[in-house]
Amino acid sequence: MSGSATGDGGRGFTDAGDGTRAVRAGLPEPVRHEPALPGPVFAAHYHLPGDPTGPYTYGRDENPTWTLLERAIGELEAPGQDDVETLVFASGMAAISSVLFSQLRTGDMVVLPGDGYQVLPLVRAQLEAYGIEVRTAPTGGDAQLDVLDGARLLWIETPSNPGLDVCDVRRLAEAAHARGALVAVDNTLATPLGQRPLELGADFSVASGTKQLTGHGDILLGYVTGRNAEAMAAVRRWRKIVGAIPGPMEAWLAHRSLATLQLRADRQHANALAVAEALRERPEVAGLRYPGLPGDPSHKVASQQMRRYGCVVSFTLPTRARADRFLGALRLVDDATSFGGVRSTAERRGRWGGDAVPEGFIRLSVGAEDAEDLVADVLRALDAAAQ
Ligand SMILES: *Cc1c(COP(=O)(O)O)cnc(C)c1O
């Protein structure tokens, strides 16, 4: 929410550590006999005699449960920046589409990553159908720099999903701004405790809250945090006309989950590093990627702009059959899509057909189990898959 919102929130804790800020994020001023985090407000409309003035008029436009969640996410994405606004959405794709389709007009040009989230090619086709030119370049090596001339918007996804390449957000944002383009960063994989795109120069931080932000694999959610009031007004208008709003229950569950974000992020990061280190020793594992692994091609840039490296590890087994045997032999890691949850999941990405990855490519989302148990399970499954 904008700085005019009341409540101490975490705003009084701008300089505190991530755990402190996460547990307090977005909380209202304590009120005697009221809970610390008020429950979800289920309302299609609000009492509204006379002139229809806000904040709460109709349920598609605003909801008090969203307000608290938006304040919480804003405090984590941009601590101490009261001019920043956050809007929550029904899903990550709703948030992404709201930025692209509210900011771009026929005749504009946008630069997307060529190796980003698997739905981006569908988005691309829709943008092109509206007469918007789309250029793509890979995330690694800041290759998007080469196609920026004439862009109205630069879309960055770092680390990229599922390839885990990282680009230099500050460098790309400066180049884009020098050309008059806006910059959006998909912050899904990193979470606001992993990196803060606005501090690195981006105009928007956009993310799926379905993944590690909420971390339990039980809700879909998305958000946009932005500093440009005019641009955010257009994003808000888009949410209103498309109606891609989260339910109050989802919003409340998300806010409740934020309290443990730092605990989960630290634990999952440590577990992911342990699993990546174990995988590194295996001769059948190729193309191992984890930005937190010293020696990873992304590590140098990642260490300059990230504070945690996330929970996703990717690697390739020699064949599709071997990858399927590996997934089938895992006991602590469910074969499922998505990532970021407290329960480990993994999948053979090639089964979707949307990513340019080898048949044996596996995206492993490391959960909050005990590291020794996870490493043992992964090594045992690799042995079983070799038979
Ligand atoms: C999952 C994901 C999305 C889409 O989010 P939904 O909540 O599934 O709509 C967007 N970007 C990235 C990087 C993702 O991983």
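Quick caveat, the model's predicted, so the values are computed rather than measured.

A. The arrangement of the sheet that holds strand E9 (residues 312-316) in detail. If you walk across this open sheet you meet the five strands as E8-E9-E12-E11-E10, and the pairing is mixed. The open sheet terminates on both sides in strands that have one partner only, identified here as strand E8 (286-289) and strand E10 (334-335). Across two bridges, the pairing between E10 and strand E11 (residues 345-348) is parallel. By the bridge assignment, Asp 335 is partnered in E11 with Ala 346. Packed on one face of the sheet, helix H10 (residues 320-329) meets E9, E10, E11 and strand E12 (361-365) and runs near 160° to E11.

B. Just the site of the ligand, in detail. Around the ligand, 14 residues are found, and the nearest of them are Met 93, Asp 186, Ser 208, Thr 210 and Lys 211. In the model, an oxygen atom of the ligand is placed 2.8 Å from a nitrogen or oxygen of the Gly 92 main chain. Within the side chain of Thr 210, a nitrogen or oxygen atom sits 2.6 Å from an oxygen atom of the ligand. Within the complex, the protein chains bury 95% of what would otherwise be the 380 Å² of accessible surface of the ligand. The greatest single-element share of the shell around the ligand, amounting to three residues, is contributed by helix H3 (residues 92-103).

C. The arrangement of the packing of helix H8 (residues 261-280) against helix H11 (residues 371-386) in detail. Look at H8 against H11: their axes get within 9 Å of each other, and the N-to-C directions meet at 30°. Classified by the interaxial angle, the pair formed by H8 and H11 is roughly parallel. The interaxial crossing formed by H8 with H11 has right-handed handedness. Across from Asn 271, Ala 274, Val 275, Ala 278 and Leu 279 in H8, the residues of H11 making contact are Ala 371, Leu 374, Val 375, Val 378, Leu 379 and Leu 382. Classifying every residue of the contact of H8 with H11 gives ten nonpolar, one polar and no charged.

D. Local environment of the domain arrangement of the protein chain. The domain boundaries assigned to the protein chain delineate domain 1 (18-258) and domain 2 (261-385). A separation of 26 Å is found between the C-alpha centroids of domain 1 and domain 2. Counting residues at the interface gives 36 residues for domain 1 and 33 residues for domain 2. Approximately 2,800 Å² of surface area, both sides summed, lies buried where domain 1 meets domain 2, with 54% of it carried by carbon and sulfur atoms. Scanning the region where domain 1 abuts domain 2 turns up three salt bridges. A salt bridge links Arg 289 to Asp 165; its shortest N-O distance comes to 3.0 Å. In this structure, the connection of domain 1 to domain 2 is made through 19 residue pairs in polar contact (both at pLDDT 80 or more). When the residues that make up the side of domain 1 that touches domain 2 are grouped by side-chain class, the tally is 15 nonpolar, 14 polar and seven charged.

E. Region of the structure containing the nonpolar core. With 33 residues, the main nonpolar core has Leu 279, Val 313, Phe 315 and Phe 326 as its most contacted residues. Contributions of two or more residues to this core are made by H8, E9, H10, E12 and H11. When residues of this core are assigned to their parent elements, the largest contribution, six residues, is made by H11. Val 313 has contacts with Leu 164, Ala 272, Ala 276, Leu 279, Leu 288, Arg 289, Tyr 290, Ile 362, Arg 363, Leu 364 and Val 366, leaving out every residue within four places of it along the chain. Of all hydrophobic cores here, the second largest spans 26 residues; its members include Val 110, Ile 132, Phe 204 and Val 206.

F. Structural view of the pattern of salt bridges. In this structure the tally under the stated criterion is 27 salt bridges. Across the pair Asp 18 and Arg 21 runs a salt bridge whose closest N-O atoms are separated by 2.8 Å. Of this pair, Asp 18 and Arg 21 both sit in helix H1 (residues 18-24), separated by three residues, roughly a single helical turn. According to the relative accessible area criterion, Asp 18 is buried, its value standing at 11%. A relative accessible area of 3% places Arg 21 in the buried class.

Thresholds applied
Each chain has its residues counted from 1, running along the sequence as written. Two thresholds apply to this predicted model, a pLDDT of at least 70 for residue-level local features and 80 or more for giving and counting side-chain atom pairs, whereas whole-chain, interface and lining totals are computed over all residues. Only hydrogens and water are set aside; all other atoms, that is, all heavy atoms of the structure, feed into the side-chain values. Between any two strands, at least two bridges found by DSSP are needed for them to pair. Segments assigned H or I by DSSP are reported as helices when at least four residues long, segments assigned E as strands when at least two residues long, and all are numbered from the N terminus. Note on contacts: a residue pair qualifies if any of its non-hydrogen atoms lie within 4.5 Å across the two residues. Under this scheme, a helix contributes an axis fitted over its contacting stretch, all axes are lines through C-alpha atoms, and angles between N-to-C directions fall in the 0 to 180 degree range. Whether a residue is near a molecule or strand depends on its heavy atoms: it is near if one of them lies within 4 Å of it. Contacts described as polar in this section are N or O atom pairs within 3.5 Å, which, within protein, must combine one atom able to donate a hydrogen with one able to accept it, while residues neighboring in sequence count only if both atoms come from side chains. What sets the accessible areas is the Shrake-Rupley method with a 1.4 Å probe; for residues, cover comes only from the shown protein chains. Here the angle decides the label: under 35 degrees means roughly parallel, over 145 means roughly antiparallel, 65 to 115 means roughly perpendicular, and every other value means oblique. Here is the rule for handedness: rotate from the far helix to the near one, and if that takes an anticlockwise turn smaller than a right angle the crossing is left-handed, while a clockwise turn gives right-handed. Three categories are distinguished: nonpolar for Ala, Val, Leu, Ile, Met, Phe, Trp, Tyr, Cys and Pro, charged for Asp, Glu, Lys and Arg, and polar for the others, with Gly belonging to the last. Residue ranges assigned to the domains are those given by an automatic or database domain assignment. Accessible surface is computed with a 1.4 Å probe, and the buried area is the amount of it that two parts give up when combined, taken over both parts together. The term salt bridge refers to a side-chain nitrogen of Lys or Arg lying within 4 Å of a carboxyl oxygen of Asp or Glu. The definition of a nonpolar core used throughout is a set of buried Ala, Val, Leu, Ile, Met, Phe, Trp, Tyr and Cys residues joined through side-chain atoms within 4.5 Å. Each residue gets one of three labels from its accessible area relative to the maximum for its type: buried under 20%, exposed over 50%, partly exposed in between, using a 1.4 Å probe on protein chains only.

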